[in-house]
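Structural overview
For reference, the chains in residue letters:
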Amino acid sequence: MGYDETYRRSIDEPEAFWREQAALIHWHTPPERILDQSHPPFRRWFVGGTTNLCYNAVDRHLATRPDQLALVAISTETNITREITYTELYREVNTFAAVLGELDVVKGDRVVIYMPNMAEAVFAMLACARIGAIHSVVFGGFAAHNLALRIDDAEPKLLICADAGMRGGKIIPYKPLVDLALREAKSPPPHVLIVRRDLDPDMTLVPGRDVDYAERRVAHEDASVPVEWLESNEPSYLLYTSGTTGKPKGVQRDVGGYAVALALSMTTIFDVAPGQVMFSTSDVGWAVGHSYNVYGPLIGGATSLLYEGLPTGPDPGIWWRLCERYGVRTMFSSPTGIRVLKKQDPSWLKKYDLSALRWLFLAGEPLDEPTATWISSGIGKSVIDNYWQTETGWPAITLLPGLELKPVKFGSPGFPNLGYRMRIIDEQSGADVAPNEKGVLVIEPPLPPGCLTTIWRDDERYVRSYFGHFRELLYSSLDWAVRDTDGYTFILGRTDDVINVAGHRLGTREIEESVATLGAVAEVAVVGIHDELKGQVPAVFATLKQGVTDDPRDVALAMQRRVVELLGGVARPGCVYVVNALPKTRSGKLLRRSLQALMQNTDPGDLSTLDDPNALEEIRAVIARGP
Ligand code: ATP
Ligand code: MG
């Protein structure tokens, strides 16, 4: 069956469709009901079935692939590579689970994990899943305050951290940040479990509170910890959103629906069969890391590569060298990651044997055509844009080459994923827009398996934040989209990224894309700023590629001309600034609202997820000097 038929079936006969997909995973007790929609917009999938994420990711493969690599954790920071088979993974996870048990962590307890991309982060997640504890991985790059906020919300029984992370050869001690965060937190956990990498010789332990994992693990090396069978809809983990638009929300995921969705996606979307290799460059602290560094590939019996290091360290060939060494079939990264490489010498793309590599998936933010073309022709592989959110947990709009490869249209992630009742509606009237007309992307309930079940301990906020925008009960995270006559969906950015110039509504993305067609430009962000005459005009911020020696004033003029040439005079930028770096969240998303606030002297909102506050300060200085 091709995509169209399969998709239609998933929408028209959801219960029959998902009953079949349920067979992709192991159930301790089979579901009694496939779908319960009695309290919309809430829905429950596979009601009454009991299962376990860890069992499906690890135990289930012991009989069929005990000696196959499950996880390869590579660090170009510590220069340590660990190759871990399914049998070894089973042992490590059981040992970790036994230590959790010793620290009184039981089913339903929350465990905050604050670690870089290292093997123990995966062991810790799976160990929590095994015993039914709810993990909440907090991205290791976050400052103490961000960590404290999440601790206050999740109220964990335990915090697990590494002594330190590393970035670009620089050691970043984590433990002092944990100490600070726990001092700030309202109800700090009684214990901190530390996985030492001996990176921070000055690390101090708080007696009675801090526990050294290496010391505890010795007694449990042969442990075998029973699996806690969970009802399909019980919480498996919490994960906070990137905070691009506001305060991060604690997304809650279930067990059965998530496992089934991931299992399905491994073959239909990512085209990775058991025994094949997937390499996602994400951090375990993001949604992609959870789904496609940990649970997806392991549930699918594949080998997962986990990478700690820069895309350019030790040199810009590192990703492709790993693809060659491990015979990676499917790679997953972000447009931001590719734009980092785009600043480098393109000959790095050609140095390695990529014959095993079939697909490069990119997600997280709009993929502009110049970047897509650059990487696709550079490595000679199909590049597949896919659109999703922390909330959805797996792709919402994508091509599904494992099912049927439809032609790639640059600029579009493709079609609704299986089970997603996707519509594009008019913001005001709520009616479906015609093809080629812009509207707001919404999902009609029930959300498919894999998507969030609620916001942690805040059902009311869940309903208000996601279903409260329109008269009808429709899920939306307020992205702006258009569907062409062939059914391809294009994401135009967020609804608050729309600029209204003299009554014309322009997507910041359209303007960014036209600027990006200039060869000298590496990255660009566009925001709307207030204008007496026109209401709003676009302001352009761009970085230039490494090695570009043109006068920034000439490039700025060229950008202005290019926008007018491609989009018409109405889109003419009011000002153009060439800067060294753009403000991004820790997950690499452009924080446009911070630029807008700078330009207009307004409140930028929550900036705690900003990666490098200096970038913003630098831009402030550039603005002060004038365009
Ligand atoms: P917050 O919701 O906390 O403000 P966020 O929306 O950035 O933060 P994520 O869940 O990490 O948090 O990101 C999801 C968003 O990223 C989507 O709603 C969309 O705006 C953008 N996005 C993701 N993938 C794509 C893509 N392929 N094309 C265009 N936009 C994308
Ligand atoms: Mg969002």
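The residue numbers shown here count from 1 along each chain, following its written sequence. All chains are assigned letters beginning at A, and all ligands numbers beginning at 1, according to the order in which they are written. Totals for whole chains, interfaces and linings use all residues, but because this is a predicted model, local features are given only for residues with pLDDT of at least 70 and pairs of side-chain atoms are given and counted only at 80 or more. To obtain the side-chain values, all non-hydrogen atoms of the structure were included, while hydrogens and water were left out.

Attention shifts here to the overall build of the protein. Looking only at helices and strands, the protein features 18 helices and 32 strands. Taking 2.2 N^0.38 as the reference for a compact globule, 627 residues should give roughly 25 Å; the C-alpha atoms of the protein span a radius of gyration of 24 Å, in line with that estimate. Along the first, second and third principal axes, the C-alpha set of the protein runs to 70 × 60 × 50 Å. Here the term buried applies to any residue with accessible area under 20% of the maximum for its type, exposed to any over 50%, and partly exposed to those in between, with areas from a 1.4 Å probe on protein chains only. Taken over 627 residues, the protein has a buried fraction of 62%. Considering only contacts within the protein whose residues lie at least 6 apart along the sequence, 70% involve residues at least 24 apart. By element, 50% of the accessible surface of the protein is carried by carbon and sulfur atoms, the whole surface being about 23,200 Å². Positive charges come from Lys and Arg alone, negative charges from Asp and Glu alone, with His and the N- and C-terminal ends not counted. For this purpose, a charge sits on NZ of Lys, CZ of Arg, CG of Asp or CD of Glu. Looking at the protein, you have 64 positive and 79 negative side-chain charges, and the mean spots of the two groups are 2 Å apart. Counting from the N terminus, the helices are the DSSP runs of H or I reaching at least four residues and the strands are the DSSP runs of E reaching at least two. Taken over C-alpha atoms, the radius of gyration is set against a globule rule of 2.2 Å times the number of residues to the power 0.38. Two residues form a contact once any of their heavy atoms are found within 4.5 Å. The protein chains shown are the only cover counted for residues, whose accessible areas, like all others here, come from Shrake-Rupley with a 1.4 Å probe.

Time to look at the site of ligand 1. The rule for a residue being near a molecule or strand is that one of its heavy atoms must lie within 4 Å of it. Neighbouring ligand 1 are 22 residues, the closest being Thr-241, Gly-243, Thr-244, Thr-245 and Asp-479. Any N or O atom pair separated by 3.5 Å or less is treated as a polar contact, with the protein-specific requirement of one donor-capable and one acceptor-capable atom, and with residues adjacent in sequence counted only for side-chain atom pairs. Between ligand 1 and Asp-479, the relevant distance is 2.5 Å, taken from an oxygen atom to a side-chain nitrogen or oxygen of the residue. Lys-589 places a polar side-chain atom, nitrogen or oxygen, 2.9 Å from an oxygen atom of ligand 1. About the coverage of ligand 1: the protein hides 95% of its 630 Å² of free accessible area. Put simply, the parts of the chain that give the shell around ligand 1 at least two residues each are strand 20 (382-386) and strand 27 (489-494). Here the residues of the shell around ligand 1 are counted per class, giving four nonpolar, 11 polar and seven charged. Just so you know the grouping, Ala, Val, Leu, Ile, Met, Phe, Trp, Tyr, Cys and Pro go in nonpolar, Asp, Glu, Lys and Arg go in charged, and all remaining residues, Gly too, go in polar.

In this section: the side chain of Ser-465. Along the chain, the position of Ser-465 falls in helix 14 (residues 459-467). Within the structure, Ser-465 has its side chain in polar contact with the backbone oxygen of Arg-461 (distance 2.6 Å). Excluding anything up to four places from it in sequence, Ser-465 contacts Lys-249, Ile-455 and Ser-476.

Right, let's talk about the pairing of strand 16 (residues 277-280) for a bit. Both faces of the sheet carry side chains from a regular strand, because those side chains alternate between them. Residues Val-277 and Phe-279 point to one face of strand 16 and Met-278 and Ser-280 to the other, with burial holding for every one of them. We treat two strands as partners when DSSP finds at least two bridges between them. Examined bridge by bridge, strand 16 and strand 17 (residues 303-308) share three bridges and lie parallel to one another. If you follow Val-277 over to strand 17, its bridge partner there is Thr-303. The path from the first strand over the helix to the second decides the hand: if it runs clockwise while the strands point away from the viewer, the crossover is right-handed. Each parallel crossover has a hand, and the one from strand 16 via helix 10 (residues 287-299) to strand 17 is right-handed.

Moving on, we come to the nonpolar core. Residues belong to one nonpolar core when they are buried, are Ala, Val, Leu, Ile, Met, Phe, Trp, Tyr or Cys, and are joined through side-chain atoms within 4.5 Å. Ranked by internal contacts, the top residues of the largest apolar core, which has 139 residues, are Phe-96, Leu-100, Leu-126, Ile-160, Leu-193, Tyr-292 and Tyr-295. Of the residues forming this core, the biggest block, 11 residues, is contributed by helix 5 (residues 119-131). Ignoring sequence-local partners within four residues, the contact set of Leu-126 consists of Cys-54, Ala-57, Val-58, Leu-89, Val-93, Val-294, Tyr-295 and Leu-298. Membership of the second largest hydrophobic core comes to 28 residues, among which are Phe-279, Tyr-307, Trp-319 and Val-328.

Looking now at the packing of helix 5 against helix 10. Here an axis means a line fitted to C-alpha atoms, over the contact stretch when the element is a helix, while the angle between two N-to-C directions is reported on a 0 to 180 degree scale. Two elements in contact, helix 5 and helix 10, have axes separated by 11 Å at closest approach and are oriented at 60°. Here helix 5 is positioned oblique relative to helix 10, judged by the angle of their axes. Between helix 5 and helix 10 the crossing geometry is right-handed. Contacts from Val-122, Met-125, Leu-126 and Ala-129 in helix 5 reach His-290, Val-294, Tyr-295 and Leu-298 in helix 10. The residue makeup of the contact of helix 5 with helix 10, split by class, is seven nonpolar, one polar and no charged. Roughly parallel refers to an angle under 35 degrees, roughly antiparallel to one over 145, roughly perpendicular to one between 65 and 115, and oblique to any angle outside these ranges. By convention the crossing between two helices is left-handed if the near helix lies anticlockwise of the far one by an angle smaller than a right angle, and right-handed if it lies clockwise.

This paragraph deals with the UniProt feature "domain: AMP-dependent synthetase/ligase" (unreviewed entry) in the protein. Using the residue numbers shown here, the UniProt feature "domain: AMP-dependent synthetase/ligase" (unreviewed entry) corresponds to residues 59-444. Taken end to end, residues 59-444 has its terminal C-alpha atoms 36 Å apart, with 28% of it in helix and 24% in strand. UniProt positions are given in the numbering used here, feature names are shortened, and annotations may be inferred rather than shown by experiment.

What follows concerns the sheet that holds strand 20. Strand order in the open sheet made by the seven strands is 5-4-17-16-18-19-20, with mixed pairing throughout. Unpaired on one side and paired on the other, strand 5 (80-85) and strand 20 mark the two borders of the sheet. If you compare each strand with its neighbour and ignore which way they point, the axes differ by 15° on average. Sheet topology places strand 4 (residues 69-75) next to strand 17; five bridges connect them, and they run parallel. Within strand 17, the position partnered with Leu-71 by the bridge is Ser-304.

So, about helix 13 (residues 369-379). When helix 13 is considered as a whole, its buried residues turn out to be Thr-371, Ala-372, Trp-374, Ile-375, Ser-376, Gly-378 and Ile-379. In this structure, the buried residues of helix 13 make contact with helix 11 (318-326), helix 12 (335-342), strand 19 (359-363) and strand 20. Gly-380 occupies a position one or two residues after helix 13 and carries a positive phi of about 70°.

The topology assignment puts Gly-364 in the loop between strand 19 and helix 13. Residue Gly-364 is classed as partly exposed on the basis of its relative accessible area, which comes to 37%. Those residues within four positions of Gly-364 in sequence are excluded, and the remaining contacts are Asn-386 and Lys-589.

Bringing the confidence of the model for the protein into the picture now. pLDDT gives the predictor's per-residue confidence on a scale running from 0 to 100. For the protein, mean pLDDT is 95; residues scoring 70 or higher make up 100% of the total. Listed scores for the predicted complex are pTM 0.93 and ipTM 0.99.

This next bit is on the packing of aromatic side chains. The geometry of an aromatic ring pair is captured by two quantities: the separation of the ring centres and the angle between the planes. By convention, a stacked pair of Phe, Tyr or Trp rings (six-membered ring in the case of Trp) has centres within 6.5 Å and planes under 30 degrees apart, an edge-to-face pair has planes over 60 apart, and any other such pair is tilted. Summed over the entire model, instances satisfying the criterion amount to 33 aromatic pairs. With a centroid separation of 4.5 Å and 25° between ring planes, the pair formed by Phe-139 and Trp-286 is classed as stacked. On the criterion of sequence distance, the pair formed by Phe-139 in the loop between strand 7 (134-137) and helix 6 (144-154) and Trp-286 in the loop between strand 16 and helix 10 is long-range, its members being 147 residues apart. On the basis of relative accessibility, which here comes to 16%, the residue Trp-286 falls in the buried class. Put simply, the rings of Phe-17, Trp-18, Trp-27, Trp-45, Phe-46, Trp-394 and Tyr-420 touch in pairs and so form one group of aromatic residues. A ring is considered to have a charge above it if a Lys NZ or an Arg CZ atom is located within 6 Å of its centre and within 35 degrees of its normal. The ring centre of Phe-142 lies 4.6 Å from the NZ or CZ of Arg-150, which sits over that ring. Positioned above the aromatic ring of Phe-415 is the side chain of Lys-406, whose terminal nitrogen or guanidinium carbon lies 5.3 Å from the ring centre.

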